[in-house]
Amino acid sequence: MAEWHSVRRLVRAVRSRAGASAVGGIVKHRIIDTPVGPVTLVVDDDGVLCGSYLAGQRHHPDPATFGERSDEVAGDAAGQLAEYFAGKRTSFDLPLAPRATEFQRRVWLALRDVPYGQTVTYGWLAEQVGSPRGSRAVGAAVGRNPISIIVPCHRAVGTSGDLTGYAGGVERKRFLLDLEGGLLPGL
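If you're wondering where the values come from, they're calculated on a predicted model, not measured in any experiment.

### Examining the overall build of the chain
Thinking step 1. Along its length, the chain carries six helices and six strands.
Thinking step 2. In the chain, the succession of helices and strands from N to C terminus is α-β-β-β-β-α-α-β-α-α-β-α.
Thinking step 3. By the burial criterion, 51% of the 187 residues in the chain qualify as buried.
Thinking step 4. If you take every contact in the chain between residues at least 6 apart in sequence, the share linking residues at least 24 apart comes to 63%.
Thinking step 5. In the structure as shown, the chain presents an accessible area of about 9,000 Å², 50% of it carried by carbon and sulfur atoms.

So, in structure tokens, the structure goes:
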């Protein structure tokens, strides 16, 4: 599994925030077509992926913060997403640099450990990040995941298996889980 990009780059992105975009250090983006609609891939000044946003998703930053559009950036991410949607890829191997709190980062790392085709509950995630009573906080962190699909927040479900709280919409969540052949208890 690829780890978050270097701490040095994250610190630099935060420091450059004042003179860069509201997202911090992000300078270019690319829009790709996928079976779940357009996905905007956002990279920092080193070309490291900072965002993968579904059209219309909740907590979508202002597109003006994405910098210049360029179809030359995020080639690896675009290619790996194409393979994923074609059923040829079950995990992603990309350097990532999401802006996040330490708690959000722990939740997103735990999500990256959820295997393709499987689902987990928010309660399970809360236990994994050392906050067994923090299901709601985990749910909020999952909902603010800036790297949709690649950090598989669609694999988090309610305790009964309900498709709750997907920032990209329940229809997209169902599509992604169906694509992966995921087991959805109670459905």
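### Structural notes on the packing of aromatic side chains
Thinking step 1. Evaluation of the coordinates by the stated rule reveals four aromatic pairs.
Thinking step 2. Look at Y53 and F66: their rings are 5.4 Å apart centre to centre, the planes differ by 10 degrees, and that puts the pair in the stacked class. Linking Y53 in strand β3 (residues 49–54) with F66 in the loop between β3 and β4 (68–69), this pair joins segments that are 13 residues apart in sequence. The residues Y53 and F66 share a single accessibility class, namely buried.
Thinking step 3. Taking the centre distance of 5.5 Å and the plane angle of 40 degrees together, the rings of Y84 and F92 count as tilted. Each member of the pair, Y84 together with F92, is buried.
Thinking step 4. Joined through ring pairs, the aromatic side chains of Y84, F85, F92 and Y116 make up one cluster.

### Quick notes on helix α6 (residues 170–180)
Thinking step 1. Among the residues of α6, R172, K173, L176, L177 and E180 are the ones counted as buried. Taken down its axis, α6 places every buried residue within 130 degrees of arc, on the same side.
Thinking step 2. On its buried side, α6 packs onto β3, α2 (75–85), α4 (122–128) and β6 (156–157).

### Digging into the environment of R112
Thinking step 1. Mapped onto the secondary structure, R112 falls in helix α3 (residues 102–112).
Thinking step 2. The buried category is assigned to R112, whose relative accessible area is 12%.

### Section: unusual backbone geometry
Thinking step 1. The phi torsion at H59 lies on the positive side, around 60 degrees, for a residue other than glycine.
Thinking step 2. Within the secondary structure, H59 is located in the loop between β3 and β4.
Thinking step 3. Its identity as a non-glycine residue notwithstanding, A74 has a phi of 60 degrees, on the positive side.
Thinking step 4. Within the secondary structure, A74 sits in the loop between β4 and α2.

### Overview of the pairing of β3
Thinking step 1. With six of six residues buried, β3 is to be regarded as a mostly interior element.
Thinking step 2. Two elements, strand β2 (residues 39–44) and β3, share five bridges in a ladder whose sense is antiparallel. In the sheet register, V42 faces β3, and the bridge partner there is G51.
Thinking step 3. Between β2 and β3, which pair antiparallel and follow one another directly, the connecting turn spans four residues, one of which, G47, has a positive phi of 80 degrees.

### What to know about the confidence of the model for the chain
Thinking step 1. Counting all residues, the mean pLDDT for the chain is 84, and 83% of those residues have values of 70 or more.
Thinking step 2. Within the chain, α2 carries the highest mean pLDDT (97), whereas helix α1 (residues 7–15) carries the lowest (39).
Thinking step 3. Within the model, pLDDT remains below 50 along residues 6–23, and this stretch shows 23 contacts once partners closer than five positions in the same chain are excluded.

### Comments concerning the nonpolar core
Thinking step 1. Counting residues in each nonpolar core, the largest one holds 38 residues, and the members touching the most others are L41, L49, V142 and I149.
Thinking step 2. Contributing elements (two or more residues each) for this core: β2, β3, α2, α3, α4 and α5 (135–143).
Thinking step 3. It is α2 that provides the largest number of residues to this core, a total of five residues.
Thinking step 4. Residues in contact with L49, not counting those within four places in the same chain, are L41, V42, V43, A77, L94, P95, L96, A97, I147 and I150.

Criteria and cut-off values
Residues numbered from 1 in each chain as written. Predicted model: local features only at pLDDT ≥ 70, side-chain atom pairs only at ≥ 80, totals over all residues. Heavy atoms only, no water. Helix = DSSP H or I, 4+ residues; strand = E, 2+ residues; numbered from the N terminus. Buried < 20%, exposed > 50% of the residue type's maximum accessible area, 1.4 Å probe, protein only. Contact = heavy atoms within 4.5 Å. Areas by Shrake-Rupley, 256 points an atom, 1.4 Å probe, with all protein chains shown as cover. Phe/Tyr/Trp six-rings, centres within 6.5 Å; stacked < 30°, edge-to-face > 60°. Arc of directions from axis to C-beta. Pairing = 2+ DSSP bridges. pLDDT = per-residue confidence, 0-100. Core = buried A, V, L, I, M, F, W, Y, C linked by side-chain atoms within 4.5 Å.

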